[in-house]
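For reference, the chains in residue letters:
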Amino acid sequence: MGNRMENHMEEKRFIYLDHAATTPARPEVVEAMLPYFTEQFGNPSSVYTFSQKNKAVITECREKVAKSLNAKSNEIYFTAGGTESDNWALKATAEAYANKGKHIITTKIEHHAILHTAKHLEGQGFEVTYLDVDENGVVKLEQLKQAIRPDTILISVMFANNEIGTVQPIKEIGEIAKEHGIIFHTDAVQAYGQLPIDVDEYHIDMLSASGHKLNGPKGIGFLYIRTGLKLRNFVHGGAQERSRRAGTENVTGIVGLAKAVEIAFDTMEERSKKESEMRDYLIKRIMEEIPYVRVNGHRTNRLPNNVNISFQFIEGESLLIMLDMAGICASSGSACTSGSLDPSHVLLAIGLPHEIAHGSLRLTVGDENTMEEMDYVVEQVKQIVQRLRDMSPLYEDFMKKN
């Protein structure tokens, strides 16, 4: 009985295509972390040698992360992840620079960690301008320039969108911010580890990143803060993270993050090539073999692993459930809003009507995926879309008219 069960489980496909939501920790990352759960468990703030070794380990990890961005090690502050880093960047800037001005600029397609924090700040008396994007999800630079006011203290634009994969003109935005003496923050949670980033070249003053998006552990991330920014402390208590974020350091997570960063940047070129080939293959086959579909996001200037496609006449939720039954993990957008019945704010911002936005599918590949899996996914998507359309009165009406 046991063997039959095991054989049945082995037969069932499992294809993970939701790497924008989270990624599996690499075996090397887990191996690097393990000693810090048990043998090397010391609190880095303690004065004895046993614990001071962990303090030295954190310094080494900070240097590795800083190197990946061409930053200084004292500009890296470890956090619990991207959401905390985004909150810190916006709230601490608002508090520290309120005397200079109370105007913030962001975009309509940011992650909710930015949008909800911006709404919170509006309740505190700040004014926020939410920039439009074009049909590909790209910020309009002229609109950004026009939005700048004498009291603008912060521009926050994500490096690459988590839903549609579009990469923003970050260097140009950084230059505009620098020219006007405005602090520039970018949420790079999706881009970090996927694309090369140089904080000096792009004039980035603050940058958010998260470990579990690049095959590291969950519950760890960082905020890069350029030297000279007068930001207030975010968490009060002890003197950890140079007194800016109190609390005993997550040594295990920091070690895992640093190892994941090291691997991600060492393998970036090769991994990016493989992922973009799978991405382009998926897009090409779906576009050629399924009618009434559209690709969302910029066709070329997008994350190497991101596919986002809308299918007319179907509900995205039904598509996801049926893909799950076929052993395929996918999503319709951000994992943080998966319980919402509203269509994606990103898809609405690029001009999709509600009914088409509702029929969207996001597939994000990883380097452990294969072309053979992509073929299986396309065949399943074709069958499921046709099945759902066969049950749709809207599709039936459309076909009768056409």
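To be clear, the structure that these remarks concern was listed above.
Bear in mind that the values here come from a model prediction, so they are computed numbers and not experimental data.

Definitions and limits used
- Every chain is numbered on its own, with residues counted from 1 as its sequence reads.
- In keeping with the predicted nature of the model, local features appear solely for residues at pLDDT of at least 70, side-chain atom pairs appear and are counted solely at 80 or more, and the whole-chain, interface and lining totals rest on all residues.
- The basis for the side-chain values is all heavy atoms of the structure; hydrogens and waters are excluded.
- Think of it this way: a Phe, Tyr or Trp ring, Trp meaning its six-membered ring, pairs with another when their centres are within 6.5 Å, and the plane angle makes it stacked under 30 degrees, edge-to-face over 60, tilted otherwise.
- Counting from the N terminus, the helices are the DSSP runs of H or I reaching at least four residues and the strands are the DSSP runs of E reaching at least two.
- Burial here depends on accessible area, computed with a 1.4 Å probe over protein chains only, as a share of the maximum for the residue type. Under 20% is buried, over 50% is exposed, and the range in between is partly exposed.
- In this scheme, Lys NZ or Arg CZ marks a charge over a ring once it lies within 6 Å of the ring centre and within 35 degrees of the ring normal.
- To estimate how far a helix should reach, multiply one less than its number of residues by 1.5 Å.
- Salt bridge, as used here: a side-chain nitrogen of Lys or Arg that lies within 4 Å of a carboxyl oxygen of Asp or Glu.
- Residues count as neighbours in contact if any of their non-hydrogen atoms are within 4.5 Å of one another.
- Strand pairing is defined by DSSP finding a minimum of two bridges between the two strands.
- The definition of a right-handed crossover adopted here requires that, viewed with the strands pointing away, the path from the first strand over the helix to the second runs clockwise.
- Where helices are involved, their axes are fitted lines through C-alpha atoms of the stretch in contact, as for all axes, and angles between N-to-C directions lie from 0 to 180°.

Draft legend 1. A look at the packing of aromatic side chains. Within the structure shown, the criterion is met by ten aromatic pairs. Between Tyr 292 and Phe 313, the aromatic rings sit 5.9 Å apart at their centres with planes inclined by 85°, giving edge-to-face as the arrangement. Placement of Tyr 292 in the loop between α8 (251–289) and β9 (293–295) and of Phe 313 in the loop between β10 (306–311) and α9 (316–325) is noted, with a sequence separation of 21 residues between them. Residue Tyr 292 is classed as partly exposed on the basis of its relative accessible area of 31%. By relative accessible area, Phe 313 is classed as buried at 18%. Among the aromatic residues, ring-to-ring pairing joins Tyr 292, Phe 313, Tyr 395 and Phe 398 into one connected group. Directly above the aromatic system of Tyr 376 lies the positively charged group of Arg 13, at a separation of 4.3 Å from the ring centroid. Just above the ring of Phe 126 sits the side chain of Lys 102; from NZ or CZ to the centre is 5.1 Å.

Draft legend 2. Inspection of helix α5 (residues 112–123) at higher detail. Taking 1.5 Å as the rise per residue, α5 with twelve residues should run 16 Å; its terminal C-alpha atoms sit 16 Å apart, in good agreement. By the burial criterion, the buried members of α5 are Ala 113, Ile 114, Leu 115, Thr 117, Ala 118 and Leu 121. Positioned one or two residues after α5, Gly 125 has a phi angle of 100°, which is positive.

Draft legend 3. Seen up close, the pattern of salt bridges. In the structure shown here, the tally under the stated rule is 26 salt bridges. A salt bridge links Glu 127 to Arg 149; its shortest N-O distance comes to 3.1 Å. Taken together, the residues span a long stretch of sequence, with Glu 127 in strand β4 (residues 127–131) and Arg 149 in the loop between α6 (141–147) and β5 (152–156) at a distance of 22 residues. Accessibility expressed as a relative area gives 45% for Glu 127, which makes it partly exposed. Relative accessible area serves as the criterion here: at 28%, Arg 149 is assigned to the partly exposed category.

Draft legend 4. Representation of the environment of Lys 91. Turning to its location among the elements, Lys 91 is positioned in helix α4 (residues 82–97). Spatially, the C-alpha atoms of Lys 91 and Thr 117 are 7.5 Å apart, while their sequence positions differ by 26 residues. Once residues lying within four places of it in the same chain are set aside, the contact partners of Lys 91 are Thr 117, His 120, Leu 121 and Phe 234.

Draft legend 5. Region of interest: the side chain of Thr 252. Of note, Thr 252 is situated in helix α8. Thr 252 has contacts with Met 33, Tyr 36 and Phe 37, leaving out every residue within four places of it along the chain.

Draft legend 6. Representation of the pairing of strand β3 (residues 103–107) in the model. Taken across its five residues, β3 has five buried, putting it largely inside the fold. Side chains His 103, Ile 105 and Thr 107 project from β3 onto one buried face, and the interleaved Ile 104 and Thr 106 project onto a second face that is buried too. Judged from the five bridges that link them, β3 and β4 form a sheet pairing that is parallel. Residue Ile 105 lies in a different strand from β4, and its bridge partner there is Thr 129. Considered for its hand, the β-α-β crossover made up of β3, α5 and β4 is right-handed.

Draft legend 7. Molecular detail of the sheet that holds β10. In space, the three strands of this open sheet follow the order β9-β10-β12, with antiparallel pairing throughout. Two strands in the sheet have a free side with no partner beyond their single neighbour: β9 and β12 (360–364). Looking at each pair of strands side by side, their axes are set apart by 25° on average, direction ignored. In terms of strand pairing, β9 meets β10 through three bridges, oriented antiparallel. Across the sheet, the residue bridging to Val 293 is Phe 311, located in β10. Strands in contact with α8 are β9, β10 and β12; relative to β10, the strand with the most contacts, it is inclined by about 15°. Along the sheet, helix α12 (residues 371–390) makes contact with β9, β10 and β12, crossing β10 at roughly 20°.

Draft legend 8. How the structure looks around the sheet that holds strand β2 (residues 76–79). With mixed pairing, the seven strands of this open sheet are ordered in space as β2-β8-β7-β6-β5-β3-β4. Each edge of the open sheet is held by one strand with a lone partner, namely β2 and β4. Ignoring which end each strand starts from, the neighbouring axes of this sheet average 20° apart. Sheet contacts for helix α7 (residues 170–179): β5 and β6 (183–187); angle to β6, the most-contacted strand, approximately 155°.

Just distances and angles here, no functional claims.
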